[in-house]
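Each chain, letter by letter, is given below.
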Amino acid sequence: MIARPSTHFSRRQPPPIPPRRRRWAALSLCLILLALVLVACGSQRPAAPMEGHAAAARPTNTPRARPAGAPTPQPTPTLRATRTPRPTATPNRPTDPYQVRYGDTLAGIAAFCGCSVDEIMQLNGLTDPRALQVGQVLRLPVEPSEMAPATRLLPDSEFVYSPSAIGFDIAAFARSRGGYLKDHTEFVENQWRTGPEIVQLIAQRHSLHPRLLLALLEDASGWVDNPGPTAEQRAYPFGDQPIGAPGLFHALNWVASQLSAGYYGWKDRGVNVLRFDDGTRIGLGDGLNAATAGLYYYLAQGASPATWRERIGPNGFMQTYRRLFGDPWAYAIEPLLPPDLEQPPLRLPWEGGQMWFLTGGPHGGWDPQSAWAALDFIPGGNDLGCYPAPEWATAAAPGRVVRSEEGEVLLDLDGDGYEQTGWVLLYLHIRSDDRVPAGTWLEQGQRIGHPGCEGGYATATHLHFARRYNGEWIAAAGPIPLVLSGWVASGNGAEYEGSLTRDGETRLSCECRIPETNGLISDNWPPPEEPSP
């Protein structure tokens, strides 16, 4: 994936605590060898050259187009997986995130924050005060200086790449407004792209609504309506935010990460306090939705409390949005996620009979700031780094390929041809050779492509697999857990750490190839060949 951007909230660290003795499990050898090669997306995660295993693969069908005139596929019957309950603490109690370090104890963290061990355990759904993991993110109770306004600024369906984005033509809209955006070009990832193409690219990758991105761009620098922004505005369209290199792509990529941090941080990870440099803390209360929390979070970036209040007020960002697009609630699709939503049946996404290995537990669907929707898998064997794996990733369920480009394959399970609607599966780091083309109808088990390093950020061959529904990333270990061939995903609060469990058996994420630790044999056989007439 991409490199991790910084977030607005800080990781508070207590005074040094004498290191306690770490308890190492049977994975010690695997962990010692982590420095040999990188295997994950979004951060540098090594893979150990452990002994691999792969069962004999049953021959499979190659992808074939759905016959002309075939009826529109009906939604796949739902799999009634057990929903994971959220922590029993008050859902919107103001909290600060804290990342566990080596040597931390729960008692030491409690002494630092001025709270009790029981409060931290209840707030985070912990049952064992000794079971802390380095990198785990805890929620610590805080007292905010004030609470944010409870007014909802826009619906969730205008924040994510939802069904309301279907038919919205970014290039046509830019031409109709006459601003600089329509004429802008930029060299991005080895090719020239227009301004509207860059907005579309960011919207699709991060699964964010293009209307939201355009309104933020206009509000920051006038690119949508003003044909002649200053040279500084052209180079840095979102001002002096910490975005690195100049240009629209880098700026908008950073903006998208911050939007995701606010939306999914509030919804999935308990980020409900905005911290400002002057020490002010503003709580995000019960009356909000994820879209408003995401906007509040983004608009707090680099702002003083007074500036933030102006940005969220009637003459701030929403005035720009309404000038461009009118009332956001006129586009609302609610609820974006039905209350009874359940995952359709999915199989392990590689060929039946083969053993692959779980190398990454729940982590960002596109980048670390989005919902931790993804799991990582590598094929068997002893190869390391970026190598041309001969194994095939396959369709976990029937569906239509709606995009196949730059390492990404998106499989639309409702078959309507839109990635903004219903369940969609992301296969990332799929090599261009033999990759299934867009428009192809696949039955469950048919071939998608070979895992590699293409697309996003990857330093070793692997498959990054994630889910979305109506444009929203669905957390792999969330209330609707990812279930693959009966294996149910879970996490422990630390990115990339987690497991899959089925019938009392557990496979742990590990940068290694150890069959009894993280090996999974697929049952994803394709449909039988149709007999020749």
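Below you will find a few notes about this structure. What you are looking at is a predicted structure, and each value in this text was computed from that prediction instead of being measured.

Criteria and thresholds
Residues numbered from 1 in each chain as written. Predicted model: local features only at pLDDT ≥ 70, side-chain atom pairs only at ≥ 80, totals over all residues. Heavy atoms only, no water. Pairing = 2+ DSSP bridges. Helix = DSSP H or I, 4+ residues; strand = E, 2+ residues; numbered from the N terminus. Disulfide = S-S within 2.5 Å. Axes fitted to C-alpha atoms, helices over the stretch in contact; angles between N-to-C directions. Parallel < 35°, antiparallel > 145°, perpendicular 65-115°, else oblique. Contact = heavy atoms within 4.5 Å. Nonpolar A, V, L, I, M, F, W, Y, C, P; charged D, E, K, R; others polar.

## Notes on the sheet that holds strand β19 (residues 487-491)
So, point 1. With antiparallel pairing, the four strands of this open sheet are ordered in space as β18-β19-β20-β21. The open sheet has two edge strands, β18 (483-484) and β21 (505-508), and neither has a second partner.
So, point 2. Where β18 and β19 come together, two bridges link them in antiparallel fashion. By the bridge assignment for β19, valine 483 is matched with valine 488.

## Observations concerning the state of the cysteines
So, point 1. Tallying each qualifying case throughout the model produces two disulfides.
So, point 2. Here cysteine 386 engages in a disulfide with cysteine 453; their sulfurs sit 1.9 Å apart. Its torsion about the S-S bond being -100 degrees, the disulfide of cysteine 386 and cysteine 453 is classed as left-handed. Taken together, the residues span a long stretch of sequence, with cysteine 386 in the loop between β9 (374-378) and β10 (393-394) and cysteine 453 in the loop between β15 (447-449) and β16 (463-469) at a distance of 67 residues.
So, point 3. Here cysteine 510 connects covalently by a disulfide to cysteine 512, the sulfurs 2.1 Å from one another.

## Description of the sheet that holds strand β6 (residues 273-275)
So, point 1. Ordered by their spatial adjacency, three strands build an open sheet running β3-β7-β6, and the pairing between neighbours is mixed. Unpaired on one side and paired on the other, β3 (146-147) and β6 mark the two borders of the sheet.
So, point 2. Bridging between β3 and strand β7 (residues 281-283) involves two bridges; their strand directions are parallel. Each bridged residue has a counterpart across the sheet, and for glutamate 146 the counterpart in β7 is isoleucine 282.

## Remarks on the packing of helix α2 (residues 106-113) against helix α3 (residues 117-124)
So, point 1. The interhelical angle for the contact between α2 and α3, taken along N-to-C directions, is 100 degrees, at an axis separation of 8 Å. As the angle between them shows, α2 and α3 are arranged roughly perpendicular. From α2, Leu106, Ala107, Ile109, Ala110 and Cys113 reach across to α3, where they touch Val117, Ile120 and Met121.
So, point 2. For the contact of α2 with α3, a count of residues per class yields eight nonpolar, no polar and no charged.

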